Amino acid sequence: MRRCASSQPPVEEIHAEEEEEEEEQEVFQETGGVNEEQVGPVEEPSAREPDGRPAPVEHKNGKRAEAGPGAADGGPRFSMFTWLVVVALLGVWSSVAVFYFDIVDYDRVLARAQEFRMNFSEVLQEKTSKPEVETPTQRAPELEKDGPAAEETSVPGSQDVESEIQAAVPLPPLDDSHFVPDDPTEPGQRYGQYQNQNQNQARSCQVLISLFVPEEEPGSIDTTGVLVEESQPEETEGESGRYQTSSKLSAEAEGEEPPKAEPEPEPQTGSTQPTESRQEADGAAEKAAEEQKEKAKKKKPKLLNKIDKSIKSEIDAAEKLRRKGNLDMALKAFDSLVQQHPLSPRARYGKAQVQDDLAEKLRSNDLLQSAINTYREAAELPDVTSDLLRAALKRRAERQQFLGRMRGSLATLQKLVDIFPDDVGLRNDLGVAHLLLGDNKGAKKVYEEVLAVAPSNGFAKVHYGFILKAENKIAESIPYLREGLESGEPGTDDGRFYFHLGDALQRVGDDSAYQWYERGHQRGHFASVWQRSLYNVEGLKAQPWWTPQETGYTDLVRMLERNWKTIRDEALAVMDRSRGRFIPEEENLREKGEWGQYTLWQQGKRVGNACQGVPKTCALMERFPEATGCKRGQIKFSVMQPGTHVWPHTGPTNCRLRMHLGLVIPAPGCRIRCTNQTREWEEGRVLIFDDSFEHEVWQEADSYRLIFIVDVWHPELSQYQRQTLSPI
């Protein structure tokens with residue numbers, strides 16, 4: 001007999017259902033917070049259809065669902081809609097948790113996806129085309145470009161206020177994060193000097209090797225020793241490398257730049273370029289692009305001889321290991337090839353490259369020397385191709401320079417020039433090598449030969465002009481420096497050449513000097529037209545004149561002013577006893593007159609037994625490490641005779657401030673100009689200025705002027721910077 005839908009279930013069943021309902025209600029509240037209101041009232045047992053099937057269950061949301069097998073026991077407690085709501089809420093909260101707590105590293109996922117895409121593309125490329133020689137990707141940047149010391153650049157020449165370095169001072173050494181040159185026979189520094197034959201200018205010619213390493217020619221071998229499959233122009237001039245300039249990093253142009261770095265005129269409002277002009281410009285651009293493509297197709301470097309071609313697949317496999325950074329396996333692979341095929345230049349060159357890479361990675365001079373030797377072995381094998389010979393010897397010369405082995409580098413470059421006498425770029429490199437050894441005469445001869453066959457070579461012009469200026473041939477140097485800079489060729493856009501051209505123009509009374517200083521500033525070499533130092537730390541406060549309170553060195557200033565007579569008396573005693581302690585200024589900063597200096601501290605160290613002559617002064621100074629520990633400055637006496645004029649010039653760095661304590665000041669006639677402000681010294685008083693700004697000195701009194709010069713660290717330099725900055 002069928003029960004009707006409205007008949008009440010037995011009391012026992014009702015109680016059992018209430019208990020089950022309470023249990024299920026607790027479970028759902030724990031999982032999703034679903035309550036009875038969300039689900040709706042529990043339906044009472046429904047009646048069955050005449051055919052025995054369960055009757056449809058009516059839900060609160062208005063939908064009807066067929067009762068399942070458990071419907072006879074009371075039907076479903078919750079609707080499908082409620083379950084979907086619970087699942088959706090769980091998904092939302094999970095997503096929020098993943099994002100908020102950064103559970104998934106999305107950057108890494110994207111990077112892996114990109115890597116997969118690139119690798120997959122490489123595989124497809126290998127399958128679709130098989131070039132004659134695989135072009136390795138360029139390695140990590142050159143060692144010379146890293147580290148704290150890479151935050152600056154240097155300038156040879158007249159850089160210091162009546163105040164420059166007393167003896168030849170080496171430029172900043174190699175950063176500690178890289179190799180330490182260890183040649184026992186030659187200077188162990190990666191920076192060289194352009195030394196003048198004239199002893200009065202020997203310290204005005206300092207340069208960076210990283211700047212004066214000529215740039216590789218397109219289509220030959222890049223400066224890291226990686227073979228590049230591009231065209232090789234018939235004649236190139238330039239130099240490679242990135243280098244720091246006044247306040248920011250400046251990368252050399254990869255191609256030729258416009259002759260002048262003048263700002264482009266702004267277009268007139270409402271006017272348009274004539275159609276013909278636009279067409280001509282477009283045509284010129286297309287023609288230039290076509291010429292570039294033609295050059296690229298002309299000639300590819302021949303890297304493999306017959307032996308190399310027979311083992312090309314093995315060489316390619318080893319080279320792949322090197323490119324992917326698996327240097328140990330790559331070295332084993334190339335070693336095996338060298339043992340099996342000792343006459344294979346490409347295998348031996350590959351071994352040298354891996355040794356070079358490992359030396360960079362492990363910062364090992366021994367490994368680098370092994371690479372240098374292997375480069376030579378590759379170049380000396382019979383039947384070596386000319387391109388591989390050039391690559392091996394050129395890289396060898398660069399690495400020799402890096403270790404400070406300038407004479408060895410010069411010999412290697414001379415051999416290259418002998419083999420390739422028509423290569424102007426190699427001759428330019430040879431000229432730089434002579435300069436790095438202080439052989440201005442040899443460099444001058446090389447650049448004269450270059451200009452004889454390539455009179456428009458901008459790289460040779462700026463260097464030749466630099467040499468003439470170092471010889472104090474000021475007027476003769478100007479056209480070479482100017483035309484070299486105007487050429488815009490690689491290796492010419494350097495603050496040193498802007499500096500020396502402007503300085504030469506100032507000395508001949510040509511006001512266009514400031515136009516070139518402005519160009520240098522626009523090119524990023526100078527912080528401003530006035531502040532033209534090139535060993536700079538970015539972001540330091542820059543102003544020409546300072547007060548003691550602004551420096552924070554009030555105790556030092558107070559000590560100097562309180563003890564000025566003691567300091568003066570010791571200096572006068574030294575002058576009376578032995579004027580030989582005051583060495584004449586030898587930086588070619590004077591237009592006329594006599595100017596001597598007696599140095600106590602230099603580059604943060606005492607100078608010999610100099611303090612024996614002035615023990616009280618040195619004892620006073622020992623208490624102030626901001627001065628005695630200033631590796632980019634000096635502490636010294638300066639005496640200037642009547643009739644002396646010091647040319648406008650700038651110091652080498654913005655990392656120091658300079659204090660002048662007046663000791664003997666005849667009045668009137670002694671004055672100093674910094675930028676457009678001129679001041680006079682007073683006995684017992686301290687003047688403070690930033691000598692990275694242009695300054696000039698006149699001594700027009702009747703007797704000598706004596707001052708005490710104290711350089712201090714720029715107050716905004718951190719302790720870490722003071723410890724790690726290289727000496728100047």
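Refer to the structure printed above.
Residues numbered from 1 in each chain as written. Predicted model: local features only at pLDDT ≥ 70, side-chain atom pairs only at ≥ 80, totals over all residues. Heavy atoms only, no water.

### Describing the overall build of the protein
1) Next: The secondary structure content of the protein amounts to 24 helices and 19 strands.
2) Next: Looking at the protein residue by residue over its 728 residues, the buried ones come to 51%.
3) Next: Considering only residue pairs separated by 6 or more positions, the protein has 72% of its internal contacts joining residues 24 or more positions apart. (Helix = DSSP H or I, 4+ residues; strand = E, 2+ residues; numbered from the N terminus. Buried < 20%, exposed > 50% of the residue type's maximum accessible area, 1.4 Å probe, protein only. Contact = heavy atoms within 4.5 Å.)

### Digging into the state of the cysteines
1) Next: Evaluated as defined, the whole model comprises one disulfide.
2) Next: There is no disulfide at Cys-630, and the cysteine sulfur nearest it, in Cys-655, is 8.5 Å away. (Disulfide = S-S within 2.5 Å.)

### Regarding the pattern of salt bridges
Side-chain pairs of opposite charge can arise where the charged atoms are in close proximity.
1) Next: Enumeration over the complete set of coordinates arrives at 33 salt bridges.
2) Next: Measuring nitrogen to oxygen at the nearest pair gives 3.7 Å for the salt bridge that ties Arg-376 to Glu-380. Note that Arg-376 and Glu-380 are positioned in helix α10 (residues 365-380) at a spacing of four residues, about one turn of the helix.
3) Next: Take Glu-380: its relative accessible area is 48%, and that puts it in the partly exposed class.
4) Next: One continuous salt-bridge network, built from bridges that share partners, spans Glu-319, Arg-322, Arg-346 and Asp-357. (Salt bridge = Lys/Arg side-chain N within 4 Å of Asp/Glu carboxyl O.)

### Some words on unusual backbone geometry
1) Next: The omega angle of the peptide bond from Ala-667 to Pro-668 is -10°, so this bond is cis rather than trans.
2) Next: Positive phi, close to 55°, is recorded for Arg-363, a residue that is not glycine.
3) Next: Checked against the element boundaries, Arg-363 lands in the loop between α9 (345-362) and α10.
4) Next: Of note, the phi angle at Asn-472 is positive, near 65°, even though the residue is not glycine.

### Considering the side chain of Ser-533
1) Next: For Ser-533, the position within the fold is in the loop between α18 (513-522) and β7 (545-546).
2) Next: Classification of Ser-533 by relative accessible area gives buried; the value is 0%.
3) Next: Side chain to side chain, Ser-533 and Asn-536 meet in a polar contact 2.7 Å long. (Polar contact = N/O pair within 3.5 Å; in protein donor to acceptor, adjacent residues only side chain to side chain.)

### Overview of the pairing of strand β14 (residues 656-664)
It is a general feature of regular strands that their side chains alternate between the two faces of the sheet.
1) Next: The buried fraction of β14 amounts to nine of the nine residues, a majority that puts the element mostly inside the structure.
2) Next: Two strands pair when backbone bridges link them, and β14 and strand β17 (residues 686-689) are joined in this way by four bridges, in the antiparallel orientation. Paired with Leu-661 across the strands is Val-686, a residue of β17. (Pairing = 2+ DSSP bridges.)

### Side note on the packing of aromatic side chains
1) Next: Under the definition given, this model contains ten aromatic pairs.
2) Next: Arranged with centres 4.9 Å apart and planes meeting at 75°, the rings of Tyr-464 and Tyr-480 form a pair that is edge-to-face. One end of the pair, Tyr-464, is in helix α15 (residues 458-470); the other, Tyr-480, is in helix α16 (residues 474-487), with 16 residues separating them in the sequence.
3) Next: Relative accessible area serves as the criterion here: at 9%, Tyr-464 is assigned to the buried category.
4) Next: Classification of Tyr-480 by relative accessible area gives partly exposed; the value is 29%.
5) Next: Measuring from ring centre to ring centre gives 4.7 Å for Phe-637 and Phe-708, while their planes differ by 35°; the resulting arrangement is tilted. Here Phe-708 lies in strand β19 (residues 705-713) and Phe-637 lies in strand β12 (residues 634-640), a separation of 71 residues in the sequence.
6) Next: Within the aromatic cluster, the residues linked to one another by ring pairs are Tyr-514, Tyr-517, Phe-526 and Trp-530.
7) Next: We note Arg-519 situated over the ring of Trp-516; from NZ or CZ to the ring centre the distance is 4.3 Å. (Phe/Tyr/Trp six-rings, centres within 6.5 Å; stacked < 30°, edge-to-face > 60°. Lys NZ or Arg CZ within 6 Å of the ring centre and 35° of its normal.)

### Let's talk about the packing of helix α12 (residues 406-419) against helix α13 (residues 424-436)
1) Next: Two numbers describe how α12 lies on α13: the axes approach to 9 Å, and their chain directions differ by 155°. Overall, the two elements α12 and α13 adopt an arrangement that is roughly antiparallel. Both α12 and α13 take part in a crossing whose hand is left-handed. The residues of α13 that touch α12, namely those facing Met-406, Leu-410, Leu-413, Gln-414, Leu-416 and Val-417, are Leu-426, Arg-427, Asp-429, Leu-430, Ala-433, His-434 and Leu-436.
2) Next: Of the residues that constitute the contact of α12 with α13, the class distribution is nine nonpolar, two polar and two charged. (Axes fitted to C-alpha atoms, helices over the stretch in contact; angles between N-to-C directions. Parallel < 35°, antiparallel > 145°, perpendicular 65-115°, else oblique. Left-handed = near helix turned anticlockwise from the far one by under 90°. Nonpolar A, V, L, I, M, F, W, Y, C, P; charged D, E, K, R; others polar.)

### Re the packing of helix α7 (residues 312-323) against α9
1) Next: Relative to each other, α7 and α9 sit at 10°, their axes nearing to 11 Å. Taken together, the axes of α7 and α9 are roughly parallel relative to one another. Here Ile-315, Glu-319 and Arg-322 of α7 come into contact with α9, specifically with Arg-346, Ala-347, Gly-350, Gln-353, Val-354 and Asp-357.
2) Next: Split by residue class, the contact of α7 with α9 holds three nonpolar, two polar and four charged.

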